[in-house]
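Single-letter residue listing:
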Amino acid sequence: MDELVIVAGLAALPAAANFAGGLIAEVRPVSDRSLGFALHAAAGIVIAVVGLEIMPRALEASAAWVPMLAFVAGAGLFLGLDRLADHLEARTASSGRNGDGGAPWAIYGGVALDLFSDGILIGTGAVINPSLGVLLALGQAPADLPEGFAAAAALRGANVPRRRRLAAGSGFAIPILAGAVAGYLALREAPQTVTLSVLAFTGGALLSVVVEEMVQQAHEANDSRWDSLFLVAGFTVFAAVSTYLPA
């Protein structure tokens, strides 16, 4: 039970960062330029999490090809869900309903799904090594802050009442806590290959989120020659965390 409480506490770190991002959107408007920089920095952090921690760990499996396939499968699942979401959005628009009204909640659902995968990642990491769970939680926190901002800003732009926006922001804690607890409970007695494959599967999904969602959204918000610098800076931030807080 104590270990489960620790896992939930770790998941609370990125959940709090996500909520803080939503509060920033409530307090003051942030320029497209700042949002673009923040999203690039978050993308750099997620790429570092996948490249420096997730895949090196996953490839420690005795049959390394299994996590490799799981990595590809994770990306494929996200792309399938993303295509389904686009299809449903197109059907909504063609039916004559206001597509713009549903778009903010579509963003909200995408962030919730990403947080659930973050929770599974933290729970799985804690099974492998408690220090890895800490490291992944610390790495996800700064990446989830701009996601919270983006979701809150979208709801605010759609004139959703503030009370509902704050309730929705608080609700983001549910998917990440559920994912962390589910990942930990489901995998704590699983074979190592299974645990490492789930880790790789989640990593593939996260990398697809970066390419298909975060970077594209960042360029839609703002194009700047400084974008790549913020991406590299984000990567370096997590590299420093990974180096000086070894798992």
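Here, every reference points to the structure presented above.
Here is what the cut-offs are and how they apply
- Residues numbered from 1 in each chain as written.
- Predicted model: local features only at pLDDT ≥ 70, side-chain atom pairs only at ≥ 80, totals over all residues.
- Heavy atoms only, no water.
- 1 Å grid on protein atoms, 1.4 Å probe; cavity = no way out; pocket = protein on both sides within 12 Å on 5 of 7 lines; lining within 4 Å.
- Points joined across faces, edges and corners; volume = space filled by probe spheres on them.
- Helix = DSSP H or I, 4+ residues; strand = E, 2+ residues; numbered from the N terminus.
- Nonpolar A, V, L, I, M, F, W, Y, C, P; charged D, E, K, R; others polar.
- Axes fitted to C-alpha atoms, helices over the stretch in contact; angles between N-to-C directions.
- Parallel < 35°, antiparallel > 145°, perpendicular 65-115°, else oblique.
- Left-handed = near helix turned anticlockwise from the far one by under 90°.
- Contact = heavy atoms within 4.5 Å.
- Buried < 20%, exposed > 50% of the residue type's maximum accessible area, 1.4 Å probe, protein only.
- Arc of directions from axis to C-beta.
- Core = buried A, V, L, I, M, F, W, Y, C linked by side-chain atoms within 4.5 Å.
- Polar contact = N/O pair within 3.5 Å; in protein donor to acceptor, adjacent residues only side chain to side chain.
- Expected span 1.5 Å × (residues − 1).

Trainee: I tried to follow the layout of surface pockets on my own but got confused; where do I start?
Mentor: In this structure, the second largest pocket occupies an estimated 170 Å³ of space. Counting only elements with at least two residues in the lining of the second largest pocket, the list comes to helix H1 (2-27), helix H4 (99-128) and helix H5 (130-157). The leading source of residues in the lining of the second largest pocket is H1, at four residues. Here the residues of the lining of the second largest pocket are counted per class, giving eight nonpolar, no polar and two charged.

Trainee: I'm lost on the packing of H1 against helix H6 (residues 162-171) in this one. Help?
Mentor: When two helices pack together, you describe them by how their axes are tilted relative to each other and by the distance separating the axes. It is at 9 Å that the axes of H1 and H6 come closest, and there the two elements cross at 160°. In terms of orientation, H1 lies roughly antiparallel with respect to H6. Classified by chirality, the crossing of H6 by H1 is right-handed. When H1 is examined against H6, the residues Phe19, Leu23 and Glu26 are found in contact with a partner set consisting of Arg162, Arg165, Leu166, Gly169 and Ser170. A per-class count over the contact of H1 with H6 returns three nonpolar, two polar and three charged.

Trainee: Help me understand empty space enclosed by the protein in this model?
Mentor: Empty space among the atoms becomes apparent when a probe as large as a water molecule is rolled across them. Counted under the stated rule, the structure contains two cavities of 30 Å³ or more. What the largest cavity holds in volume is close to 110 Å³. Every residue lining the largest cavity is counted, 15 residues in all, and those nearest its centre are Gly22, Gly148, Ala152, Arg165 and Gly169. Reported here for the second largest cavity is a volume of approximately 40 Å³. Every residue along the wall of the second largest cavity is listed here: Val46, Asp114, Asp118, Gln140, Ala143, Asp144, Glu147, Leu206, Val209 and Met214. Where the lining of the second largest cavity is concerned, the elements lending two or more residues are H4, H5 and helix H8 (192-221). With four residues, H5 is the largest single contributor of residues to the lining of the second largest cavity.

Trainee: How do you make sense of H6 when you look at a structure like this?
Mentor: Residues three or four positions apart in an α-helix share a direction because the helix packs 3.6 residues into each turn. Within H6 the residues assigned to the buried category are Arg165, Ala168, Gly169 and Gly171. Angular distribution of buried residues about the axis of H6 spans 155°; they occupy a single face of the element.

Trainee: Where do I start with the nonpolar core in this structure?
Mentor: Among soluble globular proteins, nonpolar side chains are generally buried collectively. Within the largest apolar cluster, 25 residues are counted, with the highest numbers of intra-cluster contacts made by Val46, Val49, Ile54 and Leu121. When contributions to this core are tallied by element, the ones reaching two or more residues are helix H2 (32-58), helix H3 (65-94), H5 and H8. Ranked by the residues each element gives to this core, the list is headed by H2, at ten residues. With sequence-adjacent residues up to four places away left out, Val49 is seen in contact with Ile54, Leu121, Leu136, Gly139, Gln140 and Phe238.

Trainee: What's the story with the packing of H1 against H5 in this structure? I'm lost.
Mentor: At their nearest, the axes of H1 and H5 sit 6 Å apart, and the two run at 30° to each other. Judged by the inter-axis angle, H1 sits roughly parallel to H5. Pair H1 / H5 crosses with right-handed handedness. Class assignment of the residues belonging to the contact of H1 with H5 gives a composition of 14 nonpolar, six polar and four charged.

Trainee: Sorry, what's going on with the side chain of Arg165 here?
Mentor: The residue Arg165 is located in helix H6 in this model. Judged by its relative accessible area of 11%, Arg165 falls in the buried class. A polar contact is formed between the side chain of Arg165 and the side chain of Glu26, at a distance of 2.6 Å. Contacts of Arg165, omitting those with residues within four sequence positions, involve Glu26, Ala152, Leu155, Arg156 and Val160.

Trainee: Please explain the environment of Leu135 as it appears in this structure.
Mentor: Here Leu135 shows up in helix H5. What makes Leu135 buried here is its relative accessible area of 0%. Once the C-alpha coordinates of Leu135 and Ser242 are considered, the two residues, 107 residues apart in sequence, prove to be 6.8 Å apart.

Trainee: Quick question: what am I supposed to make of H5 here?
Mentor: Counted at 1.5 Å a residue, the expected span for H5 with its 28 residues is 40 Å, and the 40 Å between its end C-alpha atoms agrees. Its side-chain oxygen 2.9 Å from the backbone nitrogen of Ser131, Asn129 forms the N-cap of H5. Taken from the residues just after H5, Asn159 is the one with a positive phi, measuring 65°.

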